[in-house]
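Geometric and topological summary
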Amino acid sequence: MQKKLTKGRLLDEKGNLMESGYAHSLVREYNRNHIKAGKTRIKEWDYYLVHNEKFGVALTVADNSYMGLESISFLDFVNKKEKTASPMTLFPMGKTNLPSHSGEGITSFRNKQCYFSFEVEKGKRILRAGMKNFHEGHPIRMKIILTEASRDTMVIAVPFHKPGHFYYNQKIVGMRARGVVEYLGERYEFHPKDSYGLLDWGRGVWTYHNTWYWSALQGTVDGKVFGFNLGYGFGDTSAASENMVFYDGKAHKLDKVKFNIPGAMEGKEEYLKPWKFASNDNRLSLDFTPIFDRKAYTSAGIILSDQHQVFGYFDGYVVLDDGTEIPVKHMLGFAEKVRNKW
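Below: a short report on this structure. (Residues numbered from 1 in each chain as written. Predicted model: local features only at pLDDT ≥ 70, side-chain atom pairs only at ≥ 80, totals over all residues. Heavy atoms only, no water.)

**Remarks on the overall build of the protein**
Within the protein, the regular secondary structure consists of 0 helices and 25 strands. The C-alpha atoms of the protein give a radius of gyration of 19 Å, which matches the 20 Å a tight globule of 342 residues would have. Across its three principal axes, the protein shows a C-alpha extent of roughly 55 × 50 × 45 Å. Counting the 342 residues in the protein, one finds 56% classified as buried. Intrachain contacts of the protein at a sequence separation of at least 6 include 55% that bridge at least 24 residues. Distance between charge centroids for the protein: 4 Å, based on 48 positive and 39 negative side chains. (Helix = DSSP H or I, 4+ residues; strand = E, 2+ residues; numbered from the N terminus. Rg over C-alpha atoms; globule rule 2.2 N^0.38 Å. Buried < 20%, exposed > 50% of the residue type's maximum accessible area, 1.4 Å probe, protein only. Contact = heavy atoms within 4.5 Å. Lys, Arg positive; Asp, Glu negative; His and termini not counted. Charge placed at Lys NZ, Arg CZ, Asp CG, Glu CD.)

Given below as structure tokens:
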């Protein structure tokens, strides 16, 4: 069963979801002041990934209550390597003032070492970011504009098995990108004909220990923008999954998708060996060939984060709602497994 969300307030008077399910836009209204759970459990973030076939950047501004995170990654797909810098702040507790809607406002952060500004204007998003000491004393800076044509998005409202805990999430996949990244004395340019951006907009109250699986792809097939969002692993997804395929601006809903990661044991995954993806409705079958693993491990007291975001190439097929089969041939994307105690 895939239940579609209706319009209205996101949370009831006790801070629980009024309704769980999926939608193609933010039909439910998020308000941080409606949350009744402990304030240190609130997690809010904006994550952007922009890339073409040769290089990309990932940008994060997160206010996780007792810990803030501002992160930049530079992704080199030609040489199969990446560099990430993720300075943290203590106890922002909502003072980052992330917008309550993805379609308006400015997400911003600035200190002596870095700056981030994600500004939403009608039909486009303007991303500015920079860091003085990004890598071995070298700075990085960028300005990128993402153009939003009329399109469906992935929205999901998921409860956890604990009162007052939920996740409200939107993924916008396949925005056209143009802009410049300056790094190591080089200018890397994004052009709309071959460069794409996605947004992961997340707001919620999370339980302490959880694991998620997430994968996304964006590009073109037969001259039309194509992509997907796949994921599972956290919360109660009995009302709906977050699995969607996007083709020419329209979303096509899938049921459940399984990530088959090589390695027989939990914690012993072989992330750089080929993966397989399959849906229970036989509408998706993909082989994934990794090229590098953007991994990070942090363990400090009660906090643990074990992240593997693996970039590589997908081959296979997906089937649209009307039965049309779309071939996927050596298209760049990523798949990740993240385990947190936070």
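**Re the layout of surface pockets**
When its volume is computed, the largest pocket comes out at roughly 950 Å³. By residue class, the composition of the lining of the largest pocket is 23 nonpolar, 13 polar and 8 charged. (1 Å grid on protein atoms, 1.4 Å probe; cavity = no way out; pocket = protein on both sides within 12 Å on 5 of 7 lines; lining within 4 Å. Points joined across faces, edges and corners; volume = space filled by probe spheres on them. Nonpolar A, V, L, I, M, F, W, Y, C, P; charged D, E, K, R; others polar.)

**Notes on the sheet that holds strand 19 (residues 244-247)**
In spatial order, the strands read 20-19-18-17-25-24-23-22-21; together these 9 strands make up an open sheet with antiparallel pairing. Single-partner strands in this sheet number two, and they are strand 20 (250-253) and strand 21 (257-260). Averaged over all pairs of adjacent strands, the angle between their axes in this sheet comes to 20°, without regard to strand direction. Where strand 17 (residues 209-221) meets strand 25 (residues 325-341), 9 bridges bridge the pair, whose relative direction is antiparallel. Looking at the pairing, A216 lines up with F334 of strand 25. (Pairing = 2+ DSSP bridges. Axes fitted to C-alpha atoms, helices over the stretch in contact; angles between N-to-C directions.)

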